[in-house]
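Spelled out, the chains give:
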Amino acid sequence: MALHVIVGAGPVGSATARLLATRGEEVRLITRRGGGPAVAGVELVAADASDAATLAHHTSGAAALYSCAGPAYHRWPTDWPPLGAALLHAAEAGGAVLVTTGNLYAYGAVDGPMTERLPARPNSVKGEVRAKLWADQLAAHEAGRIRTAEVRGSDYLGAGTLSAFTTLVLPKVLAGKRASAPADLDAPHSWTYVGDVARTLIAVAAAEGAWGRPWHAPTAPPMSLRRLATRAAELAGAPAARVTTMPGIALRLAGLFTPAAREMVEMQYQLRGPFVLDSSAATAAFGIEPTSTDDALRETVEDRKRLLLSSD
């Protein structure tokens, strides 16, 4: 039994902790407030992971260190650099394999499906942040200071996930109301299930040959936002989904009052046209088949229903 340290108890961090615990591993989950799933075998620790000495202390003796944290969207430029530096320090000090949870922002706007071979050409502030984090990790790996890899996914489906679909569309669909999203509703779009991200993180950490590069988490075939909303309504037994396109100016106006909306503006390119992830490399390397969109959507719908009921 080896010690696995996870930073962040969001959807991916929690799923990773549960999966490792079911395999009999020793798991330490670090968050600022000590939150996380109450699961046997998972030690919940309250600590500031951006403090390099503190994180190194909690990671001492660990076989793997998983970065599953997510600073507030509007604080990425200020909060990610110290956290990224602390993760590198902890991995170097203790020798744990550092596997980070990434996304597709660093690629920028591309034509065609995204593969791991694409260069980093970010066209957004948040994309530049992600590209710099990975560049620093890879440089440390190539210098022999650490061992590392990154697992990237598209917009998430699963319990607790946050995206334009889960926050703007799904609650309205479940309530039988008209929804609006800042998107091309019929463009193909990839949706990654958080459970598949967790499986890939663990597989990559255990495979020496997988280190030193990014991997795309196995992801089901793309589905348009309109079709996803339609299927969600069908699975939930709700009235037929009604979704309209939100004008770009509406999101900009919302951004005057809401930081989250303001931060979505520069990422509009991901929703206004095809946004497709090619994850065939990870499936071939690790034998992980993507969870079906229906199964991922069922979990997402049931989780959202629970949230709606608890708020009544």
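Remember, it's a predicted structure, so these values are computed and weren't measured experimentally.

1. Considerations on the sheet that holds strand β1 (residues 3-7)
Pairing within the open sheet is parallel, and its seven strands lie in the order β3-β2-β1-β4-β5-β6-β10. Across the chains shown, the open sheet's two edge strands, defined by having one partner strand only, are β3 (42-46) and β10 (214-216). The average undirected angle you get between the axes of adjacent strands in this sheet is 20 degrees. Of the pairings in the sheet, the one linking β1 to strand β2 (residues 26-31) comprises five bridges and is parallel in character. Bridged to Leu3 within β2 is Glu26. Along the sheet face, helix α1 (residues 11-22) touches β1, β2, β3, β4 (64-67) and β5 (97-102) and points at about 165 degrees away from the line of β1. Helix α4 (residues 125-142) contacts β5, β6 (148-152) and β10 of the sheet and is inclined by roughly 150 degrees relative to β6.

2. Focus on the packing of aromatic side chains
If you walk through the whole model with that rule in mind, you get five aromatic pairs. Residues Tyr73 and Trp76 carry aromatic rings whose centres are separated by 5.5 Å and whose planes lie at 90 degrees to one another, so their mutual orientation is edge-to-face. An aromatic cluster of three or more residues is present, and its members are Tyr73, Trp76, Trp80 and Tyr105. Against the face of Trp215 rests Arg213, its NZ or CZ located 3.6 Å from the ring centre.

3. Considerations on the side chain of Thr31
One can find Thr31 in strand β2. What makes Thr31 buried here is its relative accessible area of 15%. Ignoring anything within four residues of it in the chain, the contact list for Thr31 reads Gly8, Ala9, Val45, Ala46 and Ala47.

How each quantity is defined
- Residues numbered from 1 in each chain as written.
- Predicted model: local features only at pLDDT ≥ 70, side-chain atom pairs only at ≥ 80, totals over all residues.
- Heavy atoms only, no water.
- Pairing = 2+ DSSP bridges.
- Helix = DSSP H or I, 4+ residues; strand = E, 2+ residues; numbered from the N terminus.
- Axes fitted to C-alpha atoms, helices over the stretch in contact; angles between N-to-C directions.
- Contact = heavy atoms within 4.5 Å.
- Phe/Tyr/Trp six-rings, centres within 6.5 Å; stacked < 30°, edge-to-face > 60°.
- Lys NZ or Arg CZ within 6 Å of the ring centre and 35° of its normal.
- Buried < 20%, exposed > 50% of the residue type's maximum accessible area, 1.4 Å probe, protein only.

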